[in-house]
Amino acid sequence: MPHSFSDDQTVSARPSSSGFPTAALLALAMAGFITILTEALPAGLLPQMGSDLDVSSSAVGQLVTIYAIGSLVAAIPLTAATQRFRRKPLLLYAIAGFALVNTVTAITASYGIMLAARFFAGVSAGLLWALIAGYAASMVPDQLKGRAIAVAMVGTPLALSLGIPAGTLIGTTIGWRSTFAIMTGLTIVLIGWVWAKVPDFPGTSANERASIAGTLAIIGIKPILIVTLLFVLAHNILYTYIAPLVLPSGLNQKLDIVLLLFGTSAIAGIVIVGYLVSQWLRVLVLASIVLFAVAAFIFGSWGNLAQMFWLATGLWGLAFGGAATLFQTAAATTSGQASAVAQSMIVTAWNLAIAGGGFFGGLLLDNSGVIWLPWSVLVLLLLAFIVAFLARTAGFPPRRAVA
């Protein structure tokens, strides 16, 4: 079991300045890759999983919802409860959770058991996301922390652009269960990689923690959390049900390519935001919301035309790609010394939005049809824009307040 650290362990855990720990950071990136893939893959395999399990598309969508609920309920309490534990054993436990739950998902014929497995997958994800950024920063001296975190986070866009389309293709070719079995194999490889290459570090002492109530009271934090919730909720209403969304355009046989376009556009969004976020945070947040709203309008108005669907998908990916960076940067800038707690709140809001996307998107799909998905998204984005626009003095300040 992991144990709490003592003062004599702290000295030996200081980052080394002798070289950049690329192999260790890429192991963290692969952990993020597997986390995103485990979370979102059912969205690309709705028809196959629904047919095999004899449930509706909206029921398969709840596999994404329950995963997010697991992360939602685990992120803050697990982060608080394990802050004093050593990092490497904790990281390995979180990763091992994915090997277990993906194995269960691959072999069970019970929808109920699969729901339970997905919940515990979400718990592992909540703990993992609480670890990755801080773990990466601990490996390097101060001047390399930003670069280290960027490398550790590269698994997310790779999962979106390559992993999910590849998983969808494999699932449609040789069966969705094979896809989850392959992910178990990748996770076992990752456990060995982490064991061999990732260093261990002590946790943090209790007197270094910021309180949840105190962090929420910081001016600007609440608007950031609200915009994060609305934006990511809008995204997940569409992304969770991308398979039925694509049907009117006649591109249902090219769903893997649709997902590839989204992921590739998302990488472009990440690159753009990465270069500009320190100077243009407010502009980028507002522009991302507007760009996503334009995409939603195109889906709602001309989503039955293949060319317009391709265009909307590209705009959507571009708008969404840098969202995590934008909201995390806003939270870190606003919260100061309470940054760690603020980031756990971002994770919680994010996963609440994922759960909400699966739930409310499923209700709309079952009761009103796929056409109402983009219009509901447009309403959410309008609210997000209003909140972000009004958060001018704190939360999403203009350039001069961020620089």
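Refer to the structure above for everything that follows.
Residues numbered from 1 in each chain as written. Predicted model: local features only at pLDDT ≥ 70, side-chain atom pairs only at ≥ 80, totals over all residues. Heavy atoms only, no water.

Draft legend 1. A look at the overall build of the protein chain. A count of helices and strands for the protein chain gives 18 helices and 0 strands. Classification of the 403 residues of the protein chain by burial places 53% in the buried group. For the protein chain, the proportion of contacts with a sequence separation of at least 24, taken over those separated by at least 6, is 86%. Carbon and sulfur atoms make up 69% of the accessible area of the protein chain, which totals about 16500 Å². (Helix = DSSP H or I, 4+ residues; strand = E, 2+ residues; numbered from the N terminus. Buried < 20%, exposed > 50% of the residue type's maximum accessible area, 1.4 Å probe, protein only. Contact = heavy atoms within 4.5 Å. Areas by Shrake-Rupley, 256 points an atom, 1.4 Å probe, with all protein chains shown as cover.)

Draft legend 2. Structural view of the side chain of arginine 87. Inspection of the secondary structure assignment puts arginine 87 in helix H5 (residues 87-107). For the buried residue arginine 87, which engages in no salt bridge, the nearest side chain bearing the opposite charge is aspartate 200, 6.8 Å off. Polar side-chain contacts of arginine 87 include one of 2.8 Å to the backbone oxygen of phenylalanine 85. Apart from the residues within four sequence positions on either side, arginine 87 is in contact with Thr82, Leu131, Tyr135, Asp200, Phe201, Pro202 and Gly203. (Lys, Arg positive; Asp, Glu negative; His and termini not counted. Salt bridge = Lys/Arg side-chain N within 4 Å of Asp/Glu carboxyl O. Polar contact = N/O pair within 3.5 Å; in protein donor to acceptor, adjacent residues only side chain to side chain.)

Draft legend 3. The arrangement of unusual backbone geometry in detail. Even without being glycine, aspartate 54 reaches a positive phi, approximately 60°. Structurally, aspartate 54 is set in the loop between helix H3 (46-53) and helix H4 (57-81). In this structure aspartate 54 comes out as exposed when scored by relative accessible area, which is 70%.

Draft legend 4. How the structure looks around the nonpolar core. Of all hydrophobic cores here, the largest spans 118 residues; its most connected members are Leu28, Leu91, Met139, Tyr239, Phe292, Trp316 and Phe396. The dominant element in this core, judged by the number of residues it contributes, is helix H13 (residues 255-302), at 17 residues. Look past the residues within four positions of phenylalanine 396 in its chain and what remains in contact with it is Pro223, Ile224, Val227, Arg282, Val285, Phe327, Ala330, Ala388 and Ala391. (Core = buried A, V, L, I, M, F, W, Y, C linked by side-chain atoms within 4.5 Å.)

Draft legend 5. Geometry of the packing of helix H2 (residues 22-44) against H5. Contact geometry for H2 and H5: axes closest at 11 Å, N-to-C directions at 35°. Between H2 and H5 lies a crossing of left-handed hand. For the pair H2 and H5, the contacting residues are Leu28, Ala31, Ile34, Thr35 and Thr38 in the first and Leu91, Ile95, Phe98 and Asn102 in the second. In terms of residue class, the contact of H2 with H5 is made up of 6 nonpolar, 3 polar and no charged. (Axes fitted to C-alpha atoms, helices over the stretch in contact; angles between N-to-C directions. Left-handed = near helix turned anticlockwise from the far one by under 90°. Nonpolar A, V, L, I, M, F, W, Y, C, P; charged D, E, K, R; others polar.)

Draft legend 6. The pattern of salt bridges, seen in detail. All chains considered together, the criterion is met by 2 salt bridges. For arginine 177, the salt bridge is made with aspartate 52, and the minimal N-O distance between the two is 3.2 Å. Taken as a pair, arginine 177 in helix H9 (residues 176-197) and aspartate 52 in helix H3 lie far apart in primary sequence, 125 residues in all. Across the pair arginine 86 and aspartate 200 runs a salt bridge, and its minimum N-O distance is 2.8 Å. Remark: aspartate 200 occurs in the loop between H9 and helix H10 (212-216) and arginine 86 occurs in the loop between H4 and H5; sequence separation between them is 114 residues. Taking relative accessible area as the criterion, arginine 86 reaches 11% and is therefore assigned buried. Residue aspartate 200 is classed as partly exposed on the basis of its relative accessible area of 29%.

Draft legend 7. Quick look at H9. Taking 1.5 Å per residue, 22 residues should reach 32 Å; H9 reaches 32 Å between its end C-alpha atoms and fits that length. Here H9 has its buried residues at Trp176, Thr179, Phe180, Met183, Thr184, Thr187, Leu190 and Val194. The arc that holds the buried residues of H9, viewed along the axis, is 145°, so those residues lie on one side. In this structure, H9 carries Ile188, Val189, Trp195 and Ala196 as exposed residues pointing more than 90 degrees from its buried face. (Expected span 1.5 Å × (residues − 1). Arc of directions from axis to C-beta.)

Draft legend 8. Spatial organisation of the packing of aromatic side chains. Scanning the model with the defined rule gives 17 aromatic pairs in all. Ring geometry for phenylalanine 231 versus phenylalanine 320: centroids 6.3 Å apart, planes at 5°, classification stacked. Of this pair, phenylalanine 231 sits in helix H11 (residues 221-240) while phenylalanine 320 sits in helix H14 (residues 306-321), placing them 89 residues apart in sequence. We classify phenylalanine 231 as buried; its relative accessible area is 1%. Ring centres of phenylalanine 262 and phenylalanine 320 lie 6.2 Å apart, and the angle between their planes is 35°; this geometry places the pair in the tilted category. Highlighted residues: phenylalanine 262 in helix H13 and phenylalanine 320 in helix H14, separated in sequence by 58 residues. (Phe/Tyr/Trp six-rings, centres within 6.5 Å; stacked < 30°, edge-to-face > 60°.)

Draft legend 9. View of the environment of alanine 117. Relative to the helices and strands, alanine 117 resides in helix H6 (residues 111-138). Relative accessible area serves as the criterion here: at 7%, alanine 117 is assigned to the buried category. For the pair formed by alanine 117 and leucine 100, sequence separation is 17 residues and the distance between their alpha carbons is 8.4 Å.

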